[in-house]
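Coordinate analysis (summary)
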Amino acid sequence: MAFKKDFLWGGATAANQYEGGFAEDGKGLNAIDVLTNGSATEPRKVTWVRSDGTTGATPLEWGSDFELPAGARPALVDGYYYPSHTATDFYHHYEEDLKLMAEMGFKCYRLSLNWSRIFPNGDEETPNEAGLAFYDKIFDLCQQYGIEPLVTLSHYETPLGLINDYGGWKNRKLIKFFENYVRTVFTRYKGKVKYWLTFNEINAVDLAPYMGAGLLDSSLQSRAQAAHDQFVASALAVKLAHEIDKKMQVGMMLAYQPVYPYTCDPADQIKVMEYNQKMLFYADVQAGGCYPNYKLKEYEREGITLDISPEDHALLKDYPVDFISFSCYGSNVLTTHEKEAVDSGNLGINGIKNPYLETNAWGWATDPDCLRLALNVLWDRYHKPLWIVENGLGWSDELTSDGKVHDDYRIKYLKANIQSMKDAVNLDGVELLGYTMWGCIDLVSNGTGEMKKRYGFVYVERDDFGKGSLKRIPKDSFYWYQKVIASNGEDLTI
């Protein structure tokens, strides 16, 4: 048998895409509450207001520079639709949804706390009791069902007050605010939550600095300082966890995907190496406890200087993460030969297409070996327990005339991916703690702000503009995954 008996099968969500209740029971605004809907062709936008009352909206795209106009502050503006405000309303459907997870046999549920539900502005000394009490209900119900919570402390949910009043994570003051937040929830949920993650896809500081770090500019200096401040905050979280409850484990979370060179040209190999350095830098620091030389040389070339102290270095060294978690949905291809790729018809909306892989409607390739490759890279580099906390397939699921969703394409994708991670465990000896499929109940797509790009095992009757009954309907994949969990991954038949 490939997986241990206590392997943690389950699913994952994020508060900003799933929870809703954006202004209930004292919750403050966060970074995503001022982010509009979008589509595959229209980017989401951050809405803003200036002191003179003028308003506007600035596009936010992954991998692109982002900067608000001078004097603009993110804010709610009339006339826009904000998907996070209701999302798929876990805030009022948590009992129903957790029951569905239990019916599937979940051993683990990854969720995020909405920081501004607990500290509405982010800088308060005392928490909002109503926010803490909401998550108490979640964790109590998880205990009742035998579901282990895996809790993300910050999943793109920086309180808006910390962005507008302090400039986001480039300001070292956020370290102390985060420390206060962490101490509060670690103490409150001691005995209820064992596994914690600090920052979701921490390398989003580079890829989407507003989402990842609450930055209103994309300068290399700001991103570097924000990343450092999150490293220190994460180390402090590890320190607090080990002091408050020795059973607690704190992991990091990385966005990662295998990357292939398009040709055997050495220049393509170098391009892939440099890409991996950019992605793995965050894990190198959080797992290794110090800055790698390649990043220090880059900072030297770019003229970047960090506000850093000897105490910071000691914290990073003494309190590395206990385990490494990551998201992986597929693979990517890089090349210095773009013209050759274009001439071969291998240029897609997400860059170079891999001619050996199938792609879906959003241009995402399904790679049947991506998890085995990713797991081996991370295991060989860090030798720390691993956890796949996001993996899944977005698709335009539709209800049939009989009120069902036949998502055989999702089952096919998951079968290949689970077999891939199974090979990493069984053939390669990778230490894997668990697997939480992304978006287990339908939620708002982070990248596009849509509902029609669905990930879940459970269909939620909701459209791209917030209309619908919010009725929950299990898809075919619900019953397939139920069988997979019951067999501990041995039965992957379709």
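Let us look at the structure shown here.

Basis of the calculations
- Residues numbered from 1 in each chain as written.
- Predicted model: local features only at pLDDT ≥ 70, side-chain atom pairs only at ≥ 80, totals over all residues.
- Heavy atoms only, no water.
- Helix = DSSP H or I, 4+ residues; strand = E, 2+ residues; numbered from the N terminus.
- Rg over C-alpha atoms; globule rule 2.2 N^0.38 Å.
- Buried < 20%, exposed > 50% of the residue type's maximum accessible area, 1.4 Å probe, protein only.
- Contact = heavy atoms within 4.5 Å.
- Areas by Shrake-Rupley, 256 points an atom, 1.4 Å probe, with all protein chains shown as cover.
- Core = buried A, V, L, I, M, F, W, Y, C linked by side-chain atoms within 4.5 Å.
- Pairing = 2+ DSSP bridges.

Some points on the overall build of the protein chain
Within the protein chain one finds 16 helices and 19 strands. What you see for the protein chain is a C-alpha radius of gyration of 21 Å, in line with the 23 Å of a compact globule of 494 residues. Taken along the three principal axes of its C-alpha coordinates, the protein chain extends 55 × 55 × 50 Å. When burial is assessed residue by residue, the protein chain has 60% of its 494 residues classed as buried. Taking contacts inside the protein chain between residues at least 6 apart in sequence as the whole, the part at least 24 apart equals 75%. As displayed, the protein chain offers around 19200 Å² of accessible surface, 50% of which is attributable to carbon and sulfur atoms.

Section: the nonpolar core
Formed by 120 residues in total, the largest nonpolar core has its most connected members in Phe 186, Trp 196, Met 421, Tyr 435 and Tyr 481. Sorting elements by how many residues they give to this core places helix H9 (residues 220-244) first, with 13 residues. Apart from the residues lying within four places of it in its own chain, the contact partners of Phe 186 are Leu 153, Trp 196, Ala 237, Leu 240, Ala 241, Ile 244, Met 248 and Val 250. Formed by 17 residues, the second largest nonpolar core is a distinct cluster that contains Ala 31, Leu 35, Leu 160 and Ala 204.

Looking at the sheet that holds strand E2 (residues 44-49)
Strand order in this open sheet of 3 strands is E3-E2-E4, and the pairing throughout is antiparallel. The open sheet terminates on both sides in strands that have one partner only, identified here as strand E3 (55-60) and strand E4 (73-74). Pairing geometry for E2 and E4, over 2 bridges, is antiparallel. Its bridge partner being in E4, Val 49 is matched across the sheet by Arg 73.

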